[in-house]
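Each chain, written out:
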Amino acid sequence: MATRFENGIVVTLGEKNRVLWNATVVTDGERVAAIGDSVEMKRRFPGAASVDCSGKIILPGFICTHHHFYSTMARGMGIPGEPASNFVEILERLWWKVDRALDEEDITLSAQLPLIDCIRNGTTTVIDHHASPSMRDGSLDLIENAVRQAGLRASLCYEVSDRNVTGGGIAENERFIKKVVKGFATGSASGAVPGDGQIAAMMGMHASFTLSDATIEQCVGIARDAGVGCHIHVAEDAADRHDSLAKYKLPTVNRLQKLGVTGEKSIFVHCVHIDDSEMDILAATHTSVVHNPESNMNNAVGVTPLLKLLKKGVLVGLGTDGMGSDMLVQMRCAYLLHRLANHDPRVAFLEAPQLLLKNNAEIARRQFGLRLGELAEGLPADLAILDYQPPTPLSEANFLGHLIFGLVDATVDTTVCKGKILMQGKQILSMDEARIAARSREIAPLMWQRLQAL
Ligand SMILES: [Zn+2]
């Protein structure tokens, strides 16, 4: 059924961004049927349902290209012993215990809650990276069910590493990829449509320093056969670079390229500690990088050479790394971080929005085969509708100023994905938020107890 989201300010984004006042987006099924003047849209689509968006701005739904749903239940948890003093200790004392402590119900709840958060923040597409070694097989199905229930789009993968068991997680990825990617079983998937447009799959891998050559080669073989990319943390901390240089006499990106991990569908997360030649490899192989500024600051690992990567033509997107699901906040964090890090108040005004609005859309296109992050007739009906009364004139010419200094603090009122209203008037419609959060509060302390015993 068609719906008119009417009387708002519509920002189309895309190659030729348009800002339309008193405008309407008409959706029909999973697609946008038309965009234009509200009076005209009412005349053309008189039978459509109507959602009043006056006092609001209508944007394409936001995209997060690196998330960890499973980190949810660590919130507020005490960690015994001395505080971790470096990145590897953070992994050993926190995350490599959190993932091992997760059981079946934890996985479902810890996906449902950030998915609700995504809806609350207008984030309609997510690329997630999951780990739960004690409940590994079938874990991606639990997350898929939560994503379908939420009504969002997600690309899922399981984090393969050799740290608990050699090649742990390969089978779970392969099983899930086979299920999701059409044609995989017959070996005809090269260039095939990756999934159904709602769920996509990647080959997940932890990081160079927890993976042997043999394990990486096995992962790459499966990913190649299926026509999917690899999703791996790269040189997040200097420890990953040092490990690669010491064991393999190669910088991290060089090692991964040699083993076939690079490529247009692959995502190299972080890339904080890489040199110029590694950047050239990323550019030449069209490998995407995902920048997670809040996470990098939280773990005190360093600053991704963002401006240099962009200058070299590397496609750099923006993720949260599990810190949250608000992409506008992440965008402003990137804007602030790179101004400070470069001691230059002229930079990042264009680049930070570019990561979120343009580059994330391109990374998502490579995963889902869809043109997301843009509103136009015939494109997917994914909308983020925010309360926003511009205090100054707003047009295409100054949209980024409004984005960085105004919209980042605006509240999302309505979220639409695949044409379905998932939140309206700030009420989540697709999930029972209070019940899910209450149950999570009940079982999180049990997860914390199991974790203390590890
Ligand atoms: Zn991560």
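It should be noted that the structure appears before, not after, this text.
Read on for an overview of the structure.

1. Let's talk about the pairing of strand β6 (residues 62-67)
Part 1: Burial of β6 is extensive: six of the six residues sit out of reach of the surface.
Part 2: Pairing of β6 with strand β7 (residues 123-128) involves four bridges; the strand directions are parallel. From the neighbouring strand, H67 faces β7, where its bridge partner is D128.

2. Some points on the pattern of salt bridges
Part 1: One pass over the structure, following the stated rule, counts 34 salt bridges.
Part 2: R450 is the salt-bridge partner of D103, the closest N and O atoms lying 3.6 Å from each other. Pair noted here: D103 is in the loop between α2 (87-101) and α3 (104-120) and R450 is in helix α15 (residues 433-452), with a separation of 347 residues, a long-range link.
Part 3: For D103, a relative accessible area of 30% corresponds to the partly exposed category.
Part 4: Residue R450 pairs with D106 through a salt bridge whose shortest N-O separation is 2.6 Å. Taken together, the positions of R450 in helix α15 and D106 in helix α3 put the pair 344 residues apart, joining distant regions of the chain.
Part 5: With relative accessibility at 32%, the residue R450 sits in the partly exposed group.
Part 6: Of the residues examined, D106 reaches a relative accessible area of 1% and is grouped as buried.
Part 7: By sharing partners, the salt bridges in this structure join D141, E144, R148, E172, R175, K179 and D196 into a single network.

3. Section: unusual backbone geometry
Part 1: You will see that H270, though not glycine, has its phi angle at about 85°, which is positive.
Part 2: Inspection of the secondary structure puts H270 in strand β12 (residues 267-270).
Part 3: A relative accessible area of 0% places H270 in the buried class.
Part 4: You will see that H343, though not glycine, has its phi angle at about 50°, which is positive.
Part 5: Note on H343: relative accessible area 70%, which makes it exposed.

4. Digging into the coordination of the zinc ion
Part 1: Protein ligation of the zinc ion involves H66 (NE2), H68 (NE2), H233 (NE2) and D321 (OD), the donor distances falling in the range 2.0 to 2.2 Å.
Part 2: In this structure, the zinc ion is surrounded by four donor atoms whose angles at the metal cover 92 to 160°, and the resulting shape is irregular.

5. Topic: the packing of helix α5 (residues 170-180) against helix α6 (residues 213-226)
Part 1: Relative to each other, α5 and α6 sit at 0°, their axes nearing to 11 Å. Classified by the angle their axes make, α5 and α6 are roughly parallel. Facing α5, whose interface residues are I170, E174 and I177, α6 presents T215, Q218, C219, I222 and A226.
Part 2: Each residue belonging to the contact of α5 with α6 can be placed in one class, and the counts come to five nonpolar, two polar and one charged.

Analysis parameters
- Residues numbered from 1 in each chain as written.
- Predicted model: local features only at pLDDT ≥ 70, side-chain atom pairs only at ≥ 80, totals over all residues.
- Heavy atoms only, no water.
- Buried < 20%, exposed > 50% of the residue type's maximum accessible area, 1.4 Å probe, protein only.
- Helix = DSSP H or I, 4+ residues; strand = E, 2+ residues; numbered from the N terminus.
- Pairing = 2+ DSSP bridges.
- Salt bridge = Lys/Arg side-chain N within 4 Å of Asp/Glu carboxyl O.
- Donors = N, O, S within 2.8 Å, 3.2 Å for Na, K, Ca; no water.
- Tetrahedral: all angles 85-135°; square planar, octahedral: opposite > 155°, others 65-115°.
- Axes fitted to C-alpha atoms, helices over the stretch in contact; angles between N-to-C directions.
- Parallel < 35°, antiparallel > 145°, perpendicular 65-115°, else oblique.
- Contact = heavy atoms within 4.5 Å.
- Nonpolar A, V, L, I, M, F, W, Y, C, P; charged D, E, K, R; others polar.

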